[in-house]
Amino acid sequence: MNVYADHAATTKISNSAKVAMIENMDLYFGNPSSLHTQGQLAKEQLNKARETVAKAIGAKPREIFFTSGGSEADNQAILSAAYAGKKKGKNHIITTTVEHHAVLHTMARLAKDGFEITYLPVDQDGWLNPQLVEDAIRKETALVSVMYANNEIGTLLPVKEIGTICKQKKVPFHTDAVQAVAHVPVNVEDIGCDYLALSGHKFHGPRGVGALYVKMGARIDNLIEGGAQERGKRAGTENVPAIMGMSVALAEAVDSLDDNMAKTQALRDYLIKGLSTIEHSRLNGSGAERVPGTVNFCFEGIEGESLLLLLDAKGIAASSGSACTSGSLDPSHVLLAIGLPHEVAHGSLRLSIGEENTYEEMDYIIENVKEVVAYLRSISPIWESLKNGDKPYIIQ
Ligand SMILES: *Cc1c(COP(=O)(O)O)cnc(C)c1O
């Protein structure tokens, strides 16, 4: 059996998105900046996609800027707000320790350029107390950037409360909502954010396309200079087929959000119940509200990488954390941030499921994870010393 359980890394494109892309390439291949009919037809399609994306998150079409994905949208929001602040003498930025690397590495770049970055700690479930944001804001704060949903453990962060605080304190607020959009209800007015990033391939759209919401009046500067596309804020001939594919996938996901959430959540709970029977295992983020599909476990005494490879050999596609950290031997920064010691963080497994998964697949995952964990423990010297009582268990 082949089971795809890595939806937080990417999703398979939906059939309707694929059909919309092909139709777009066949019928509307003009350059939207061209004045002839072919160009104007393409431009109409682009406008249609912009309206669809705006509607899905409660924004106005003028507030949507298409980008090459979530990473670019995060970079553009953060750099725009940071340098707009710097011009007014503000050089302080607030974020969290559990952000995606698209945010963390942008912060590192700003730190090199003289910004002071406050990384707020999260609790044992990856949740951020909004009071910490309020306490950290100073008169030099140029931006607050807090993700909506964590990509490794699925925790939902209190962005509405943070949005309210930022509004009161008149500090721009960006949220990386790449794991939230199309998975939980997302509305920019409710959040009260100035910037929001989303990405097509996390909700059955194509890769290499995303969008940045920029609230009317919020500062936005180019990362890429050139033509006047995207109201002069993102140069380069628009990838209209991808933009169209993303908008179709988003509309589809938002239309069936309640059903998809209920279905995914039920599958997830079934999976969690099955995996929880493994001794000395821990469900990460268990005390917090989470997105419906993401499950992150630690199993004491094993290596996550070995677990992944053996599961892959059984046809199960999972992850040990974010795709960006795999391949490196450092444990996940998110698992360390929630207070797990290195040796436990190394034994992690992320299973991220979608509404198209089945109960048979969950049974197959449970059966194989149990078998592989037992096997890896049987050959693990660490497990041996835990069992013998030479070392205490960290996960009870
Ligand atoms: C995937 C992801 C991104 C990056 O999006 P891309 O479209 O792959 O650039 C950013 N933030 C989070 C939380 C993500 O999960």
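See above for the structure.
The following paragraphs examine the structure supplied in this document. Just so you know, these numbers come straight off a predicted model, no measurement behind them. (Residues numbered from 1 in each chain as written. Predicted model: local features only at pLDDT ≥ 70, side-chain atom pairs only at ≥ 80, totals over all residues. Heavy atoms only, no water.)

## Here we look at the sheet that holds strand β12 (residues 348–352)
Picture the strands of a sheet paired through backbone hydrogen bonds; they go either parallel or antiparallel.
Phase 1 of the analysis: As summarised here, the arrangement of the three strands in space is β9-β10-β12, forming an open sheet in which the pairing is antiparallel. Across the chains shown, the open sheet's two edge strands, defined by having one partner strand only, are β9 (281–283) and β12. On average, adjacent strands in this sheet sit at an angle of 20 degrees to one another, irrespective of strand direction.
Phase 2 of the analysis: Bridge count for strand β10 (residues 294–299) against β12 is five bridges, and the pairing is antiparallel. Bridge pairing in β12 places valine 295 opposite leucine 351.
Phase 3 of the analysis: Here helix α9 (residues 257–275) sits on the sheet in contact with β9, β10 and β12, set at roughly 10 degrees to β10. (Pairing = 2+ DSSP bridges. Helix = DSSP H or I, 4+ residues; strand = E, 2+ residues; numbered from the N terminus. Axes fitted to C-alpha atoms, helices over the stretch in contact; angles between N-to-C directions. Contact = heavy atoms within 4.5 Å.)

## What to know about the pattern of salt bridges
Phase 1 of the analysis: A full pass over the atoms with the stated rule returns eleven salt bridges.
Phase 2 of the analysis: Measuring nitrogen to oxygen at the nearest pair gives 3.2 Å for the salt bridge that ties aspartate 221 to arginine 219.
Phase 3 of the analysis: In this structure, arginine 268 and aspartate 269 form a salt bridge, with 3.1 Å as the shortest nitrogen-oxygen distance.
Phase 4 of the analysis: Here arginine 268 falls in the buried class, since its relative accessible area comes to 7%.
Phase 5 of the analysis: Through salt bridges with shared partners, one network takes in Glu116, Arg138, Lys139 and Glu140. (Salt bridge = Lys/Arg side-chain N within 4 Å of Asp/Glu carboxyl O. Buried < 20%, exposed > 50% of the residue type's maximum accessible area, 1.4 Å probe, protein only.)

## Comments concerning the site of the ligand
Phase 1 of the analysis: The full set close to the ligand counts 13 residues, and Ser71, Asp176, Gln179, Ser199 and Lys202 are the nearest of them.
Phase 2 of the analysis: A distance of 2.8 Å separates an oxygen atom of the ligand from a polar backbone atom of glycine 70.
Phase 3 of the analysis: Between the ligand and the protein, one listed contact pairs an oxygen atom with a side-chain N or O atom of serine 71 at 2.7 Å.
Phase 4 of the analysis: Isolated, the ligand exposes 380 Å² of accessible area, and the fraction of that covered by the protein chains is 88%.
Phase 5 of the analysis: Tallying contributions element by element places helix α3 (residues 70–87) first for the shell around the ligand, with three residues.
Phase 6 of the analysis: Among the residues forming the shell around the ligand, the class breakdown is two nonpolar, eight polar and three charged. (Near = heavy atom within 4 Å. Polar contact = N/O pair within 3.5 Å; in protein donor to acceptor, adjacent residues only side chain to side chain. Areas by Shrake-Rupley, 256 points an atom, 1.4 Å probe, with all protein chains shown as cover. Nonpolar A, V, L, I, M, F, W, Y, C, P; charged D, E, K, R; others polar.)

## Focus: α3
Phase 1 of the analysis: Over its 18 residues, α3 runs 26 Å from end to end, which matches the ideal 26 Å to within 8%, given 1.5 Å per residue.
Phase 2 of the analysis: For α3, the buried fraction is high: 14 of the 18 residues fall into the buried class.
Phase 3 of the analysis: Looking at the residues trailing α3, positive phi occurs at glycine 89, about 80 degrees. (Expected span 1.5 Å × (residues − 1).)

## Topic: the environment of histidine 174
Phase 1 of the analysis: Mapped onto the secondary structure, histidine 174 falls in strand β6 (residues 173–176).
Phase 2 of the analysis: You can call histidine 174 buried: its relative accessible area is 0%.
Phase 3 of the analysis: Counting along the chain gives 119 residues from histidine 174 to lysine 55, while the straight-line C-alpha distance between them is 19 Å.
Phase 4 of the analysis: Those residues in contact with histidine 174, other than ones at most four positions away along the chain, are Asp74, Ala77, Ile78, Leu143, Val144, Ser145, Val146, Tyr195, Leu196, Ala197 and Leu212.

## Notes on the packing of aromatic side chains
Phase 1 of the analysis: Using the criterion set out here, one finds four aromatic pairs in the structure.
Phase 2 of the analysis: With a centroid separation of 5.5 Å and an interplanar angle of 85 degrees, the aromatic rings of tyrosine 83 and phenylalanine 115 are classed as edge-to-face. In this pair, tyrosine 83 is assigned in helix α3 and phenylalanine 115 in the loop between α4 (101–112) and β4 (116–120), connecting sequence segments 32 residues apart.
Phase 3 of the analysis: The ring centre of tryptophan 383 lies 4.0 Å from the NZ or CZ of arginine 377, which sits over that ring. (Phe/Tyr/Trp six-rings, centres within 6.5 Å; stacked < 30°, edge-to-face > 60°. Lys NZ or Arg CZ within 6 Å of the ring centre and 35° of its normal.)

## Quick notes on the sheet that holds strand β7 (residues 195–199)
Phase 1 of the analysis: Taken together, the seven strands give an open sheet; going across it, the order is β2-β8-β7-β6-β5-β3-β4, and neighbouring strands pair in mixed fashion. Because the sheet does not close on itself, it has two edges, and the strands there are β2 (64–67) and β4. When strand polarity is set aside, the average angle formed by the axes of neighbouring strands in this sheet is 20 degrees.
Phase 2 of the analysis: Of the strand pairs in this sheet, β2 and strand β8 (residues 210–214) are connected by four bridges, and their pairing is antiparallel. For phenylalanine 65, the partnering residue across the bridge sits in β8 and is leucine 212.

By themselves these figures say nothing about function.
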